[in-house]
Amino acid sequence: MLTHMGLRLDFLPIQSDWDEPVVPAPQVDALPTEVPAEVPAMAGLVPMRAGRDTAATRAAAVARPDIARAVRPDIARADWGQLQEAVRACQACPLCASRHQTVFGMGAEPPQSSDTEGVGLMIVGEAPGEHEDLQGLPFVGAAGQLLDQMLSALGGSRHEDGGRLGRVYLANVLKCRPPGNRNPQAEEVAQCLPFLRRQIELLRPRLLLAMGRFGAQALLAEQMPDVAQTPLGQLRGRSYSYEGIPLVVTYHPAYLLRNPAEKGKVWADLCLAQSLQAGPKMGA
């Protein structure tokens, strides 16, 4: 079942409840040389309007550093559509000068009322990479395929129904790609965090999975002031709480592509996340 993740079954515990075969993730087609103004909707996923920055906007951001302090909409009260538009138009940090487009997120829609249950699982990554920046979607390319295999191994999916995991939503801390895929800077994280926090508020996930060091730091900073100095390996392997939502920390799929020997640890983290779903099924 787990061979698609490259995991050796002889050193992993047998999960008798998860004996369904894993469906291989679809291959990602080669990227087009020209990025369309509209990213087509993917089956079962919420379409995301991609919006591209103009050369004038980029030049202004470089020439006017004070744009980083531009007044933004009141994110704390924005609805889903307003939040998407605020991210698309954001010029609060210099990343707006180098991005092709913003990456808001993808997956299940937020509940329409307080009486409707939130999404089952929200995965929080770090920042868009090259493929994400071009396509306007998170977790694509080889890392995205590996993530799909992880979800499939748990009987879940990034598609609308989400399978056993309930409905799933994928997002990053940063909504723009840092040049050269460098690490996010503190100022960039500070500008993007209000967007992520509002996404969580609107989606009301039953479980959060932080993938990567910066995803973990963003969600744990308030309860762990020293989290920035704590290696990710010391953060994983236990459960936390973010605003009352169970939270599990693990390595990012891109890290696993470079360090496949760590896949066993991620499997243990996924099992921990699965165990936190005891009780009613997650998702609507």
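Everything here concerns the structure above.
The following paragraphs examine the structure supplied in this document. (Residues numbered from 1 in each chain as written. Predicted model: local features only at pLDDT ≥ 70, side-chain atom pairs only at ≥ 80, totals over all residues. Heavy atoms only, no water.)

**Here's the deal with the state of the cysteines**
In step 1: Tallied over the entire structure, the rule returns 0 disulfides.
In step 2: Of all cysteine sulfurs, the one in Cys 192 lies closest to Cys 176, which takes part in no disulfide; the gap is 6.0 Å. (Disulfide = S-S within 2.5 Å.)

**Section: the nonpolar core**
In step 1: Counting residues in hydrophobic clusters, the biggest one holds 69 residues, and the most contacted among them are Met 122, Ile 123, Leu 208, Leu 219 and Leu 235.
In step 2: When residues of this core are assigned to their parent elements, the largest contribution, 8 residues, is made by helix α5 (residues 186-203).
In step 3: In this structure, Met 122 is in contact with Tyr 169, Ala 171, Leu 196, Gln 199, Ile 200, Leu 203, Pro 205, Leu 207, Leu 208 and Leu 209, ignoring residues within four places of it in sequence. (Core = buried A, V, L, I, M, F, W, Y, C linked by side-chain atoms within 4.5 Å. Buried < 20%, exposed > 50% of the residue type's maximum accessible area, 1.4 Å probe, protein only. Helix = DSSP H or I, 4+ residues; strand = E, 2+ residues; numbered from the N terminus. Contact = heavy atoms within 4.5 Å.)

**Structural notes on α5**
Three- or four-residue spacings in an α-helix give side chains the same orientation, since the helix completes a turn every 3.6 residues.
In step 1: With 18 residues, α5 extends 25 Å from end C-alpha to end C-alpha; this agrees with the ideal 26 Å at 1.5 Å per step.
In step 2: Looking at α5, one finds that the buried residues are Glu 188, Val 189, Gln 191, Cys 192, Leu 193, Phe 195, Leu 196, Arg 198, Gln 199, Ile 200, Leu 202 and Leu 203.
In step 3: Note on α5: the residue one or two positions beyond its end, Arg 204, has a positive phi of about 50°. (Expected span 1.5 Å × (residues − 1).)

**Some remarks on the sheet that holds strand β6 (residues 245-250)**
Backbone hydrogen bonds hold the strands of a sheet together, and the pairing may be parallel or antiparallel.
In step 1: Taken in spatial order, the 6 strands make up an open sheet running β1-β3-β2-β4-β6-β5, and their pairing is mixed. This sheet does not close on itself; its edge strands, each paired only once, are β1 (106-107) and β5 (239-242).
In step 2: With 5 bridges joining them, strand β2 (residues 121-125) and strand β3 (residues 168-172) adopt parallel strand pairing. Opposite Val 124, over in β3, you have Ala 171 as the bridge partner. (Pairing = 2+ DSSP bridges.)

**With respect to the packing of aromatic side chains**
In step 1: Under the criterion given, the structure shown has 3 aromatic pairs.
In step 2: Consider the rings of Trp 80 and Tyr 169, whose centres lie 5.5 Å apart with planes at 80°: the pair is edge-to-face. Of the two residues, Trp 80 sits in helix α2 (residues 80-89) while Tyr 169 sits in strand β3, which places them 89 residues apart along the sequence. An identical accessibility class is assigned to Trp 80 and Tyr 169; each is buried.
In step 3: Seen in terms of ring centroids, Tyr 251 and Tyr 255 are 4.7 Å apart; in terms of plane orientation they differ by 20°. Their pairing is stacked.
In step 4: Looking at Tyr 255, the relative accessible area reads 24%, which means it is partly exposed.
In step 5: Clustering of aromatic rings is evident, with ring pairs tying together Trp 80, Phe 104 and Tyr 169. (Phe/Tyr/Trp six-rings, centres within 6.5 Å; stacked < 30°, edge-to-face > 60°.)

**Regarding the side chain of Gln 101**
In step 1: Examined against the element boundaries, Gln 101 turns out to sit in the loop between α2 and β1.
In step 2: Among the polar contacts listed, one links the side chain of Gln 101 to the backbone oxygen of Leu 134, at a separation of 2.6 Å. (Polar contact = N/O pair within 3.5 Å; in protein donor to acceptor, adjacent residues only side chain to side chain.)

**Structural notes on the pattern of salt bridges**
In step 1: Per the counting criterion, the structure on display carries 8 salt bridges.
In step 2: Across the pair Glu 222 and Arg 197 runs a salt bridge, and its minimum N-O distance is 3.5 Å. Of this pair, Glu 222 sits in the loop between α6 (213-220) and α7 (232-235) while Arg 197 sits in helix α5, and the two are 25 residues apart along the sequence.
In step 3: Classification of Arg 197 by relative accessible area gives partly exposed; the value is 31%.
In step 4: As a salt-bridge pair, Asp 269 and Arg 236 come within 2.8 Å of each other at their nearest N and O atoms. (Salt bridge = Lys/Arg side-chain N within 4 Å of Asp/Glu carboxyl O.)

**Quick notes on the side chain of Gln 199**
In step 1: Inspection of the secondary structure puts Gln 199 in helix α5.
In step 2: A residue is classified by how much of its surface remains accessible, and Gln 199, at 0% relative accessible area, is buried.
In step 3: Non-local contacts of Gln 199, meaning those with residues more than four positions away in its chain, are made with Trp 80, Leu 83, Phe 104, Met 122, Tyr 169, Ala 171 and Lys 175.

**Quick look at helix α4 (residues 141-153)**
In step 1: For α4, built from 13 residues, the straight-helix expectation of 18 Å at 1.5 Å per residue is met to within 8% by its first-to-last C-alpha distance of 19 Å.
In step 2: Across the 13 residues of α4, 11 count as buried, placing the element largely inside the fold.
In step 3: When we look at burial in α4, the residues that qualify are Gly 141, Ala 143, Gly 144, Gln 145, Leu 146, Leu 147, Gln 149, Met 150, Leu 151, Ser 152 and Ala 153.
In step 4: Looking at the buried positions of α4, the neighbouring elements they touch are β2, α3 (130-135), β3, β4 (208-211), α8 (253-258) and α9 (263-275).
In step 5: Where α4 ends, the next residue or the one after it, Gly 155, has phi of about 80°, a positive value.

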